[in-house]
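Single-letter residue listing:
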Amino acid sequence: WYTINGQIPLANVIAAYQAKNAASYAASLVNLAHPGTYDATAGVAPAWAAATGGVGTGTEWLETGILPASGWSAFVQFDSATTGQRALFGQTGAVGAEFSLYYTFGPGATVRYASGGNVAAPPELLTGNLGMAGNSGYRNGVGEGLIPAWTNLATATINLLRRKGGGLAFIGQYWATVVYDITVTPAQALELAGVGGLMAAL
């Protein structure tokens, strides 16, 4: 699924993590695209079951060791989340070089895409897929506005289930994340992250 049925070369997949229907909790931490490189490690380990994936309660998070760059893409599939200004993925450190996703961001109950700057788009999303590709935000594979471009270099690595550097952590079922070092196209984003897309079918 992370090569979008062969459309994206494996070399451009920085990492792919699948918690739902993984063989075990340990398997859910493995970078499927390049095992042994950027395997996730537990900061605070989530509960895990094959049917639900990782279960966040607002304190759990995973470290990837990945330092992102301008023009990258990332998509996260999740389910049964809880409202309340909580992050799903990412990092912040240097101004103008953030790479993060909030599935709920108050008080206006929006999602929040952050890159060189940030864009808030209502409503919040408690089940589905959020992503970014270059300067575009994606909700369930559909483009949702432009995000300001990077003006700096990243200084912090990516966390799963929270934004490294600040913000409340995820509450809900975490299914999968993929990170690319290219900007995927709108058609590819829809096939990967759309309702009924590859990540929804995991």
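Conventions adopted
Residues numbered from 1 in each chain as written. Predicted model: local features only at pLDDT ≥ 70, side-chain atom pairs only at ≥ 80, totals over all residues. Heavy atoms only, no water. Helix = DSSP H or I, 4+ residues; strand = E, 2+ residues; numbered from the N terminus. Rg over C-alpha atoms; globule rule 2.2 N^0.38 Å. Buried < 20%, exposed > 50% of the residue type's maximum accessible area, 1.4 Å probe, protein only. Contact = heavy atoms within 4.5 Å. Phe/Tyr/Trp six-rings, centres within 6.5 Å; stacked < 30°, edge-to-face > 60°. Pairing = 2+ DSSP bridges. 1 Å grid on protein atoms, 1.4 Å probe; cavity = no way out; pocket = protein on both sides within 12 Å on 5 of 7 lines; lining within 4 Å. Points joined across faces, edges and corners; volume = space filled by probe spheres on them.

S.K.: Please clarify how the overall build of the protein chain should be interpreted in this entry.
M.R.: Each helix and strand counted, the protein chain has two helices and 15 strands in total. Here the C-alpha atoms of the protein chain give a radius of gyration of 15 Å, agreeing with the 17 Å that 2.2 N^0.38 yields for 202 residues. C-alpha atoms of the protein chain, sized along the principal axes, occupy 40 × 35 × 35 Å. In the protein chain, which comprises 202 residues, the share counted as buried stands at 53%. Here the contacts in the protein chain between residues at least 6 apart in sequence split such that 63% fall between residues at least 24 apart.

S.K.: What is the right way to read the packing of aromatic side chains from this model?
M.R.: Each pair of aromatic rings is reported with the distance of its centres and the angle of its planes. One pass over the full model with this rule turns up seven aromatic pairs. Ring plane angle 50° and centroid distance 5.7 Å describe the contact between Phe78 and Tyr103, whose orientation is recorded as tilted. In this pair, Phe78 sits in strand β6 (residues 73-79) while Tyr103 sits in strand β8 (residues 99-105), placing the two residues 25 residues apart along the sequence. As far as burial versus exposure is concerned, Phe78 and Tyr103 are alike and both buried. Relative to Phe170, the ring of Tyr103 has its centre 5.3 Å away and its plane inclined at 75°; by these criteria the two rings are edge-to-face.

S.K.: So what exactly am I meant to see when it comes to the pairing of strand β9 (residues 110-114) here?
M.R.: Remark: a regular strand shows side chains that alternate across the two faces of the sheet. Burial within β9 is extensive, with five of its five residues counted as buried. Judged by which residues are buried, β9 turns out to be covered on both faces: Thr110, Arg112 and Ala114 on one side and Val111 and Tyr113 on the other are all buried. The pairing of β8 with β9 spans four bridges and is antiparallel. Each bridged residue has a counterpart across the sheet, and for Tyr102 the counterpart in β9 is Arg112. Remark: four residues form the turn of the hairpin made by β8 and β9, two consecutive strands paired antiparallel; Ala109 in that turn has positive phi of roughly 55°.

S.K.: Got a minute to help me understand the sheet that holds strand β2 (residues 41-44) in this structure?
M.R.: Strands pair in a sheet through their backbones, by hydrogen bonds, and they do so in one of two ways: parallel or antiparallel. Spatial ordering of the open sheet is given by β2-β5-β14-β7-β8-β9-β10, a layout of seven strands whose pairing is antiparallel. Unpaired on one side and paired on the other, β2 and β10 (118-121) mark the two borders of the sheet. With four bridges connecting them, β9 and β10 associate as antiparallel partners. Looking at β10, one finds that Arg112 is bridged to Ala120.

S.K.: Please clarify how empty space enclosed by the protein should be interpreted in this entry.
M.R.: On inspection of all chains with the given rule, the structure shows one cavity of 30 Å³ or more. Here the largest cavity is characterised by a volume of approximately 40 Å³.

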